[in-house]
Amino acid sequence: MSENYIDATDQSAVQLFSRNITGEVVMLNLLRFREVADYTAFPDLAPRRPITGREAFQRYIDHTLPFLHDSGGDIEFLGEGGRFFVGPQDERWDVMMLIRQGSINSFIAFATNESYLAGVGHRTASLEDSRLLPLERYEDQNITIQGKRMT
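In this report, we go over the structure that sits alongside the text. (Residues numbered from 1 in each chain as written. Predicted model: local features only at pLDDT ≥ 70, side-chain atom pairs only at ≥ 80, totals over all residues. Heavy atoms only, no water.)

Details of unusual backbone geometry
With the exception of glycine, most residues fall at negative phi, and the peptide bonds are largely trans.
Part 1 of the reasoning: Residues other than glycine seldom take positive phi values, yet Asn20 does so here, at roughly 50 degrees.
Part 2 of the reasoning: With respect to the element layout, Asn20 can be found in the loop between helix 1 (10-18) and strand 1 (25-33). (Helix = DSSP H or I, 4+ residues; strand = E, 2+ residues; numbered from the N terminus.)

Right, here's the structure in full:
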């Protein structure tokens, strides 16, 4: 693995908006933590003593949940990761989350909230690498698995 990804880019934002998602959006998060959180870019958020990336991410979650809930979003799933069963065996992800938002507009309102952004440095400090994949639920397509309609 040669490149690490922490934050969205302008190009990825344009791609997300061009999808014209009209219903709810679920964000699949794959997260790999630093051994020791790096607060170099956010010294005002730095704890008095070094902490782990996992501890820094907990600070991010504690800060973020009220803003997520105020925007109508929620954590649908949070779980311990590991190595892929099918996929690159040199990749490991410490935590996987599914975050639901009612719409892209709700997501943007959340992600651009200045009070939320004041604590986003905990996320940056905590992560060695991440992936964020916006998912759109099938609504109008007739997809069936063993005779059961999937929506």
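Moving on, there is more to tell.
Points about the packing of aromatic side chains
Pairs of aromatic rings are described using the distance from one ring centre to the other and the angle between the two planes.
Part 1 of the reasoning: Inspection of every chain in the model, using the stated rule, returns four aromatic pairs.
Part 2 of the reasoning: Both rings, one in Phe33 and one in Phe57, keep their centres 5.3 Å apart while their planes meet at 45 degrees; by these two values the pair is tilted. You can see Phe33 sitting in strand 1 and its partner Phe57 sitting in helix 2 (residues 53-70), a full 24 residues away along the chain.
Part 3 of the reasoning: Judged by its relative accessible area of 7%, Phe33 falls in the buried class.
Part 4 of the reasoning: Note on Tyr60 and Tyr116: the rings are 6.2 Å apart at their centroids and 65 degrees apart in plane angle, and the pair reads as edge-to-face. Highlighted residues: Tyr60 in helix 2 and Tyr116 in helix 4 (residues 114-117), separated in sequence by 56 residues. Tyr116 matches Tyr60 in its accessibility class, with the two residues each being buried.
Part 5 of the reasoning: Each member of the aromatic cluster is reached from another via a ring pair, and the members are Phe33, Phe57, Tyr60, Phe110 and Tyr116. (Phe/Tyr/Trp six-rings, centres within 6.5 Å; stacked < 30°, edge-to-face > 60°. Buried < 20%, exposed > 50% of the residue type's maximum accessible area, 1.4 Å probe, protein only.)

Examining the environment of Ile99
Part 1 of the reasoning: Secondary-structure assignment places Ile99 in strand 3 (residues 92-101).
Part 2 of the reasoning: Here Ile99 falls in the buried class, since its relative accessible area comes to 11%.
Part 3 of the reasoning: Residues Ile99 and Glu80 lie 19 residues apart in sequence; the distance between their C-alpha atoms is 15 Å.
Part 4 of the reasoning: Setting aside residues up to four positions removed in sequence, Ile99 forms contacts with Val25, Val26, Met27, Asn29, Leu68, Asp74 and Ile75. (Contact = heavy atoms within 4.5 Å.)

Describing helix 3 (residues 104-111)
Side chains that are three or four residues apart share a direction in an α-helix, a result of its 3.6 residues per turn.
Part 1 of the reasoning: Listing the buried residues of helix 3 in full gives Ile104, Ser106, Phe107 and Phe110. Projection of helix 3 onto a plane perpendicular to its axis shows the buried side chains occupying an angular sector of 160 degrees, all on one side.
Part 2 of the reasoning: Looking at the buried side of helix 3, the elements it contacts are helix 1, strand 1, helix 2, strand 3 and helix 4.
Part 3 of the reasoning: The N-terminus of helix 3 is capped by Ser103, whose side-chain oxygen sits 3.3 Å from the backbone nitrogen of Asn105. (Arc of directions from axis to C-beta. Polar contact = N/O pair within 3.5 Å; in protein donor to acceptor, adjacent residues only side chain to side chain.)

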